[in-house]
Amino acid sequence: MRHDRRSLFRLLAVLAVSTAVPVAAAPRSPAADRRLPALKREAAADVDRMQVFTQQMVDTLFSFGELGFQEVETSRHLVGVLRENGFQVKEGVYGIPTAWVATWGSGRPVISLGSDIDGIPKASQKPGVAWHTPLVEGAPGHGEGHNSGQAVNITAAIAVKKIMERERLPGTLVLWPGVAEELLGTKAYFVREGLFKDTDVVLFSHVDSEMKVTWGQGDGSGLVSVEYTFHGEPAHAGVAPWRGRSALDAVELMDAGWNFRREHLRTEQRSHYVITRGGDQPNVVPSLASVWYYFRELDYPHIHSLLEAGNAIAKAAAAMTETIVEWRILGAAWPQHFNRPVAEAMSENMKAVGMPSWSEADQTLAKGLQRELKAAEKGLETAVTKLEPPPAEPKGGGSDDIGDVSWTVPTITLLYPSNIPGLPGHHWANAVAMATPLAHKGATAGAKVQAMTMLDLLLRPELVAQAWSYFRDVQTRETKYTPLIGPQDVPATWLNRETMERYRPDMRKYYFDATRYKTYLEQLGVSYPTVR
Ligand SMILES: [Zn+2]
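Residues numbered from 1 in each chain as written. Predicted model: local features only at pLDDT ≥ 70, side-chain atom pairs only at ≥ 80, totals over all residues. Heavy atoms only, no water.

J.: What am I meant to see in the side chain of Lys161 here?
T.: When you line up the elements, Lys161 lands in helix H5 (residues 149–167). Its relative accessible area of 12% is what places Lys161 among the buried residues. Setting aside residues up to four positions removed in sequence, Lys161 forms contacts with Asn85, Gly86, Phe87, Trp104 and Leu173. (Helix = DSSP H or I, 4+ residues; strand = E, 2+ residues; numbered from the N terminus. Buried < 20%, exposed > 50% of the residue type's maximum accessible area, 1.4 Å probe, protein only. Contact = heavy atoms within 4.5 Å.)

Rendered as structure tokens:
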């Protein structure tokens, strides 16, 4: 059924490209086209009316500050909000306790909205204060801003749902969380398990300091995340060290080997590691040690060859130390490639919505934080970023496992302006703005753009057809998606469990109570902005 409809769309798209004549035969309803501008204005006005609703979701998730795979309170809260608003939600999907899928509506198009929900280790920070002052010393926090994207998507979905109900527009809305994005932990599994098999278009949203959308392959990398574990032989390190075989020696030799190899890799690669287990105490030869690598490159063949080099070095380190090595994939992300026609449509909506109007206080916080970090004191972005063609030679950079989704179904990422430019990323400073008016205004602006683009997809079937024709005829003409995870790999849901168990009791005292306070700043007694 779906394929018939999509083939028809594709056929019409091809005809529309090859000759001007068949455009008249395109399945667009003139009535629908006439409704579109007014419905977009209505959705934007409704998003404005929901500002408190959006703000409370942003503040609540900020206060949970949960790490990847442990987003228990976060998911419980979001599922509650979605059910209250008429969505059907399946929880604990694909063997991931904090993953869920919310749906509403019926028929085509199927519009899928995703956004990440996890935090950053040691990024606990009092919002609105422009220096390092953790709420709970050593605890995780939203040092990236993943507390805001679900508010963007859910607000937009509710606004559009009301319009769909009244106008009797066919279509299905699907919402889902990017669980453990910082670990590149779940989206490849969502793809493998079929979350997107009936999807027409994915509109992903992600926090940024800019209002921006891109198409093609931008700067940024794909990666594979793999943990090497060495097994040795314990012994008394003083009495009989010759009877021991040190797993920690193997980890150190592996790291030394990788760091020598690094000189002879392409300049596009980025790789980094942490030692996750290094033994217990010096007088026991470590029989168990682990090192966790991220291998980043620009495309699948290069990522795969880094993995093979890593595996070879690990085996060599095991041979040198007479230990045994095993490894497992903890996460993976394809490089991101975004859809041109949908990006172009979204870019028009960004121009229409424009940037939030920043207050003097917003700018003071931004400049105070930039000063604190010795970054350029340029304040906040004030213009929507122009849609540009992708870079001719992409450079390496960050990753997001939305890459895997983007090679499965036409996908774009809406970047909305909820944060301050010039920050280090994955840092307490990136949390400072994330429960302040700055983040709230950015989320509202993002929700408007998201809602308007959803209306484009609902009322302009030719846009869905064009998205698929770009996906099929341009993006995937030569490059086919090969997952970096295998059929036997499983989501690494045990990660971060101990860290959250350690910090959650102290963090709980700071959860946002929306029944008693209007904002999280009010609850914490922070005067906005607080700068040196
Ligand atoms: Zn992110």
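There is more to say after this.
J.: Mind showing me how you'd approach the nonpolar core here?
T.: A general feature of soluble globular proteins is that nonpolar side chains tend to end up buried together. Membership of the largest hydrophobic core comes to 120 residues, with the highest contact counts inside it found for Phe87, Leu175, Trp176, Phe196, Leu203, Ile420 and Met454. When residues of this core are assigned to their parent elements, the largest contribution, twelve residues, is made by helix H12 (residues 437–459). If you look at the next biggest cluster of nonpolar residues, it comprises 32 residues, including Ala188, Tyr189, Val226 and Ile303. (Core = buried A, V, L, I, M, F, W, Y, C linked by side-chain atoms within 4.5 Å.)

J.: How do you make sense of the coordination of the zinc ion when you look at a structure like this?
T.: Six octahedrally arranged donors around a metal ideally form angles of 90 or 180 degrees; four tetrahedrally arranged donors ideally form angles of 109.5 degrees. Of the protein atoms, only Glu144 (OE), His146 (NE2) and His206 (NE2) coordinate the zinc ion, at distances of 2.0 Å. Positions of the donor residues of the zinc ion, expressed as sequence spacing, correspond to E-x1-H-x59-H. Judged by relative accessible area, which is 17%, Glu144 ranks as buried. (Donors = N, O, S within 2.8 Å, 3.2 Å for Na, K, Ca; no water.)

J.: Looking at this structure, I do not really get the sheet that holds strand S4 (residues 171–178). What am I missing?
T.: Sheet strands pair by backbone hydrogen bonding; their relative direction is either parallel or antiparallel. What the six strands build is an open sheet, ordered S1-S2-S4-S3-S5-S12; its pairing is mixed. Only two strands of the sheet have a single partner each, and these edge strands are strand S1 (88–91) and strand S12 (411–417). Neighbour to neighbour, the strand axes of the sheet diverge by 20 degrees on average, direction disregarded. (Pairing = 2+ DSSP bridges. Axes fitted to C-alpha atoms, helices over the stretch in contact; angles between N-to-C directions.)

J.: What is the right way to read the sheet that holds strand S10 (residues 324–333) from this model?
T.: Across the sheet, which stays open at both edges, the four strands sit in the order S8-S9-S7-S10 with antiparallel pairing between neighbours. The open sheet terminates on both sides in strands that have one partner only, identified here as strand S8 (270–277) and S10. Averaged over all pairs of adjacent strands, the angle between their axes in this sheet comes to 20 degrees, without regard to strand direction. Two elements, S8 and strand S9 (residues 288–297), share seven bridges in a ladder whose sense is antiparallel. Residue pairing for S9: Arg270 is matched across the bridge by Arg296. Against the sheet, helix H7 (residues 247–261) engages strand S7 (222–231), S8 and S9, with an angle of about 20 degrees to S9.

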